[in-house]
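Summary of the model geometry
The primary structure of each chain is shown beneath.
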Amino acid sequence: MLFCRTTAFAAVFCLVHTAHAAEPPALTLFENVRIFDGKSDTLSGTMNVLIRGNTIETISKDAIPVDDRPSAQIIAGDGRTLMPGLIDAHWHAMLVRPTPAALLTDDLGYLNLIAGAEATDTLMRGFTTVRDVGGPSFGLKRAIDENIVVGPRIYPSGAIITVTSGHGDFRHSHEVPRTLGDPATRQEQTGASMIADSPDEVRVRVREQLMLGATQIKLTAGGGVASPNSPLDASTFTEAELRAAVEAAENWGTYVTVHAYTSTSIQRAIAAGVKCIEHGHLMDEATAKLIAERGIWLSTQAFPDEMADAFPPGSQERAKAFTVFAGTDKTIALAKKYNLKTAFGTDILFSQKLAQRQGELLVKFTRWYSPAETLIMATGTNAELLAMSGKRNPYPGKLGVVEEGAFADLLLVDGDPIADIRLLADPAKNLVVIMKDGKIFKNALQTKQ
């Protein structure tokens, strides 16, 4: 017990403080819901689910009494579906709304404010967790975790690490040559991307991101669409440079993921010890087989053609985008053939309008997977990838599942998303309750107390 002076003010303060400290965790009861648990391909029968604090405490066919807690919220499910919050495994929280030019010129305070607004919208679309694979999202993550901004859990990579002329190098020609010790460029000042041209530089840049709070490290092992000086067929980092990043990350108990489209860049990354490949849209069958043999993750996306609208007609960036889009069918066919550990993500960039279709892009995966397989990928499977951060995991606990002991990141869907996954493409209408960390951020139903 804290020592309290016997003044009237101190006595009142101590009583209030003690009462607050002793207050039990909040209770929320979902009654009469069917459960998609993030692992099974069918819904459960009618169940009741009790949330205590931020954790799922009890799942039972029988009624769960909470009458002794008048503050408990009781949500009548009426046969609706309770499912885990969605997880986007390839997101860029700071890069969704600004144009490429705005990122290089606009005020940083403004960029952070629009990222915060987008984070709120992301959560309201039912995505309760994102793996941020490039961008200065550490401050945004902190603001969300401290309940200053409403948004999803963020697993940040920090700055994208690239090489001179690699994907993520947005410098102009007049900024070349680069000399060690020169003032940082705009992209480096903001923490969007960092250039590293030797194993030693790579170690420094990786360690900086880990110091800032990275949960995993992102490098660009090959050419990319958005970067003007980065041909798709280019392989960027050497194997020694990639291995330096892997070693630095593993020293911190986490892993490296790489942006890579081509077979050469993917195979070099695997040889260096990289644990996850982002994209893979231009790989061949031998590379897919290697990914399977080594147990590497493939985090891939079904890009919509509209994503190319971020680039001017006739630009090389737009042409590169359509080259990548054309590889989607083959890549996913290979992923299925070799049973690759596949994660779902969207990689939405430079378009608030496209971000509003985040759930629709999940539905697009049913071109290749069943609705149940797609939902499992975006919940339980993606959570397995997040867990690879080990002790760097900022949210240690079970995500992506509805089971006792798991975090209470939950969606109540007005319908059966396995029977009609298109429900998730219209979250404003069909997600009637959105809960993250045991807190309700949307409730379109009447609750009993």
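As shown above, the structure is provided for reference.
Bear in mind the structure is a predicted one, so any value in this text is a computation, not a measurement.

What about the overall build of the protein?
Each helix and strand in the protein was counted, giving 15 helices and 19 strands. By the compact-globule yardstick of 22 Å for 449 residues, the protein fits well, its C-alpha radius of gyration being 23 Å. If you line up the protein on its principal axes, its C-alpha atoms span 70 × 60 × 40 Å. The 449 residues of the protein split such that 55% are buried. The contacts of the protein with a sequence gap of at least 6 include a subset with a gap of at least 24, amounting to 69%. Total accessible area on the protein stands at roughly 19,000 Å², and carbon and sulfur atoms take up 54% of it. Positive and negative charge centroids in the protein, built from 44 and 51 side chains respectively, lie 2 Å apart.

Some details on the packing of aromatic side chains
Scanning all chains against the criterion turns up six aromatic pairs. Ring plane angle 75° and centroid distance 6.0 Å describe the contact between Phe 365 and Trp 368, whose orientation is recorded as edge-to-face. In this structure, Phe 365 and Trp 368 share a single accessibility class: buried. On the numbers, 6.2 Å between centres and 15° between planes, the contact of Phe 365 with Tyr 369 is stacked. Neither residue differs from the other here; Phe 365 and Tyr 369 are each classed as buried. Here a set of aromatic residues connected by ring pairs shows up, and it is made of Phe 344, Phe 365, Trp 368 and Tyr 369. Cation over ring: Arg 153 sits above Tyr 395, and NZ or CZ is 5.0 Å from the ring centre.

Here we look at helix α3 (residues 108-124)
An ideal rise of 1.5 Å per residue puts 24 Å on 17 residues; α3 measures up with 25 Å between its terminal C-alpha atoms. Those residues of α3 that sit buried are Leu 111, Ile 114, Ala 115, Gly 116, Glu 118, Ala 119, Thr 122 and Leu 123. In this structure Asp 107 caps α3, since a side-chain oxygen of it lies 2.9 Å from the backbone nitrogen of Gly 109. One or two positions beyond α3, positive phi appears at Gly 126, with a value near 95°.

Notes on the sheet that holds strand β6 (residues 86-91)
Taken together, three strands build an open sheet; the order of strands is β6-β7-β8 and the sheet is parallel. Where the open sheet ends on each side, the last strands, each with one partner, are β6 and β8 (153-156). The sheet shows a mean angle of 15° between the axes of neighbouring strands, direction not considered. By the bridge criterion, four bridges tie strand β7 (residues 127-132) to β8 in an arrangement that is parallel. Note that in β8 the partner of Arg 131 across the bridge is Tyr 155. Each of β6 and β7 is contacted by α3, which is oriented at about 125° to β7, the strand it contacts most. Sheet contacts for helix α14 (residues 371-386): β6, β7 and β8; angle to β6, the most-contacted strand, approximately 50°.

Describing unusual backbone geometry
With a phi close to 55°, Asn 32 is a non-glycine residue in the positive phi region. Position of Asn 32 relative to the elements: it lies in strand β1 (residues 27-35). Given a relative accessible area of 38%, Asn 32 falls into the partly exposed group. Phi at Ser 165 takes a positive value of approximately 75°, unusual for a residue other than glycine.

Side note on the pairing of strand β2 (residues 47-52)
With five of its six residues buried, β2 lies for the most part within the structure. Two elements, β1 and β2, share five bridges in a ladder whose sense is antiparallel. Paired with Leu 27 across the bridge in β2 is Arg 52. Two elements, β2 and strand β3 (residues 55-60), share five bridges in a ladder whose sense is antiparallel. Pairing of Arg 52 across the sheet is with Thr 55, part of β3.

A few points about the packing of helix α6 (residues 199-212) against helix α7 (residues 239-251)
The geometry of a pair of packed helices is captured by two quantities: the angle between their axes and the separation between those axes. Interhelical geometry of α6 versus α7 gives an angle of 30° and a closest axis separation of 8 Å. One finds that α6 runs roughly parallel with respect to α7. Remark: the crossing between α6 and α7 carries right-handed chirality. For the pair α6 and α7, contact is made by Pro 199, Val 202, Arg 203, Val 206, Arg 207 and Leu 210 and by Ala 240, Glu 241, Ala 244, Ala 245, Glu 247, Ala 248 and Ala 249, respectively.

About the thresholds
- Residue positions are given per chain, counting from 1 as you read along its sequence in written order.
- In view of the model being predicted, local features appear only for residues whose pLDDT reaches at least 70, and side-chain atom pairs are presented and counted only at 80 or more, with totals across whole chains, interfaces and linings using the full set of residues.
- The side-chain values count all of the structure's non-hydrogen atoms but skip hydrogen atoms and water molecules.
- Here a helix means four or more residues in a row that DSSP labels H or I, a strand means two or more in a row labelled E, and each is numbered from the N terminus.
- When we talk radius of gyration, it's over C-alpha atoms, and the globule rule is simply 2.2 Å times the number of residues to the 0.38.
- Each residue is assigned to one of three classes by its accessible area relative to the maximum for its type, calculated with a 1.4 Å probe on protein chains only: buried under 20%, partly exposed between the two thresholds, exposed over 50%.
- Contacts were defined at the residue level, with two residues in contact if any of their heavy atoms lie within 4.5 Å.
- Residue burial considers only the protein chains on display, and all accessible areas are found by Shrake-Rupley using a 1.4 Å probe.
- Charge convention: Lys and Arg are scored as positive, Asp and Glu as negative, and His as well as the terminal groups of each chain are ignored.
- By convention, the charge on Lys lies at NZ, on Arg at CZ, on Asp at CG and on Glu at CD.
- Stacked, edge-to-face and tilted are the three classes for Phe, Tyr and Trp ring pairs, Trp counted by its six-membered ring, which pair at centre distances within 6.5 Å; planes under 30 degrees apart are stacked, over 60 edge-to-face, the rest tilted.
- Throughout this description, the term charge over a ring refers to an Arg CZ or Lys NZ atom that lies within 6 Å of the ring centre and within 35 degrees of the ring normal.
- An expected span of 1.5 Å times one less than the residue number is assigned to each helix.
- Identification of polar contacts relies on pairs of N or O atoms within 3.5 Å, with a donor-acceptor requirement for protein atoms, meaning one able to donate a hydrogen and the other able to accept it, and with residues adjacent in sequence counted only if both atoms are side-chain atoms.
- By definition, two strands form a pair when at least two bridges between them are found by DSSP.
- Interaxial angle, 0 to 180 degrees, is taken between N-to-C directions of lines fitted to C-alpha atoms, where a helix line uses only the stretch in contact.
- Reported orientations rely on four angle classes, namely roughly parallel under 35 degrees, roughly antiparallel over 145, roughly perpendicular from 65 to 115, and oblique for the rest.
- Here a crossing is taken to be left-handed if its near helix is turned anticlockwise relative to the far helix by less than a right angle, and right-handed if that turn runs clockwise.

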